[in-house]
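# A closer look at the structure
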Amino acid sequence: RQQTRLRMFESGLVFNNVAGELVQAPMLGGLLYGTAEAEAWANNKTRVLDFYDVKGDVEALLGMTAADLQFVPSANPALHPGQSADVLLEGVKVGCLGALHPSLQSKFGFARTVYLFELDTGAALIRKLPRFSEISRFPEVRRDLAVIVDENTPTVSILKIVRKTAGEWLTQLV
């Protein structure tokens, strides 16, 4: 309908086959399509959505309550190989995200890549909520560290080591 960008979500119950029995689970699904920003007079260049836009949306949804949020490569048959990931909270899979598989994209006639995510809201929302902590009276210490590792080392393993080593002293890790 002449729309160049689309961001949709739906929340509801889905049926899962657990040990031969159908079990309902609350899920949140989302779809992103088109350009990252709305059309503007001053800016004729529009950036097309990519994998990192959908990843950023999921991080924004879960980031406030997730102490240990990870994205690990996955092989979902509905998603593009190499552009899909499982979403883990404290090592437990709570969803997936990625680009729609190219064969499905052409079957449905999409001109641009479609990005999807699905989250188990029951597991994702049973989290520790952020709580107030007093602002330190000491000046903030900020450090930018460069870590040299083998190029095949997944980022998630480095972040896991930093979180474990820093413990309760770590306030932000980007």
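Fair warning: this is a prediction, and the values are worked out from it, not measured in the lab.

Should the charged atoms of two oppositely charged side chains come close, the side chains can pair. All told, the structure shown has five salt bridges when counted by the stated rule. Residue Glu59 pairs with Lys55 through a salt bridge whose shortest N-O separation is 3.1 Å. Taken together, the residues Glu59 and Lys55, both in helix α1 (residues 51–62) and four residues apart, mark about one turn of the helix. Note that Asp86 is salt-bridged to Lys93, the shortest N-O span being 3.5 Å. A residue is classified by how much of its surface remains accessible, and Asp86, at 17% relative accessible area, is buried. Overlapping salt bridges, with partners in common, bring together Arg47, Asp50 and Asp53 in one network.

All right, on to the packing of aromatic side chains then. The geometry of an aromatic ring pair is captured by the separation of the ring centres together with the interplanar angle, meaning the angle of the planes. Scanning the entire structure with this criterion turns up two aromatic pairs. With centroids separated by 5.7 Å and ring planes inclined at 50°, the aromatic side chains of Tyr33 and Phe110 adopt a geometry described as tilted. Taken together, the positions of Tyr33 in strand β2 (residues 21–34) and Phe110 in the loop between α2 (102–108) and β6 (114–120) put the pair 77 residues apart, joining distant regions of the chain. Here Tyr33 falls in the buried class, since its relative accessible area comes to 16%. Exposure remark for Phe110: the relative accessible area of 34% places this residue in the partly exposed category. Ring geometry for Phe51 versus Tyr52: centroids 5.5 Å apart, planes at 90°, classification edge-to-face. On the basis of relative accessibility, which here comes to 16%, the residue Phe51 falls in the buried class. The class of Tyr52 is exposed, set by a relative accessible area of 60%.

Pairing in this open sheet of six strands is antiparallel, and the strands run β1-β2-β6-β5-β4-β3 from one edge to the other. Each edge of the sheet is formed by a strand with only one pairing partner; in this case those strands are β1 (5–18) and β3 (69–73). Across the sheet, the mean angle from the axis of one strand to that of its neighbour is 25°, orientation sign disregarded. When β3 meets strand β4 (residues 79–89), the two strands line up antiparallel, connected through five bridges. Across the sheet, the residue bridging to Pro73 is Ala85, located in β4. Of the strands in this sheet, β1, β2, β3, β4, β5 (92–100) and β6 are in contact with α1, which crosses β6 at around 25°.

Positive phi, normally seen in glycine, also occurs at Ala19, with a value near 55°. Tracing the backbone shows Ala19 in the loop between β1 and β2.

Turning our eyes to something else, we now look at a nonpolar patch on the surface. On the surface, a cluster of nonpolar side chains totalling about 310 Å² of accessible area is made up of Leu145, Val147 and Val149. Along the chain, the position of Leu145 falls in the loop between α3 (121–125) and α4 (155–166).

The rules behind each value
- Residues numbered from 1 in each chain as written.
- Predicted model: local features only at pLDDT ≥ 70, side-chain atom pairs only at ≥ 80, totals over all residues.
- Heavy atoms only, no water.
- Salt bridge = Lys/Arg side-chain N within 4 Å of Asp/Glu carboxyl O.
- Helix = DSSP H or I, 4+ residues; strand = E, 2+ residues; numbered from the N terminus.
- Buried < 20%, exposed > 50% of the residue type's maximum accessible area, 1.4 Å probe, protein only.
- Phe/Tyr/Trp six-rings, centres within 6.5 Å; stacked < 30°, edge-to-face > 60°.
- Pairing = 2+ DSSP bridges.
- Axes fitted to C-alpha atoms, helices over the stretch in contact; angles between N-to-C directions.
- Contact = heavy atoms within 4.5 Å.
- Patch = residues over 30% accessible without salt bridge, like charges linked within 9 Å, V, L, I, M, F, W, Y side chains within 5 Å.
- Areas by Shrake-Rupley, 256 points an atom, 1.4 Å probe, with all protein chains shown as cover.

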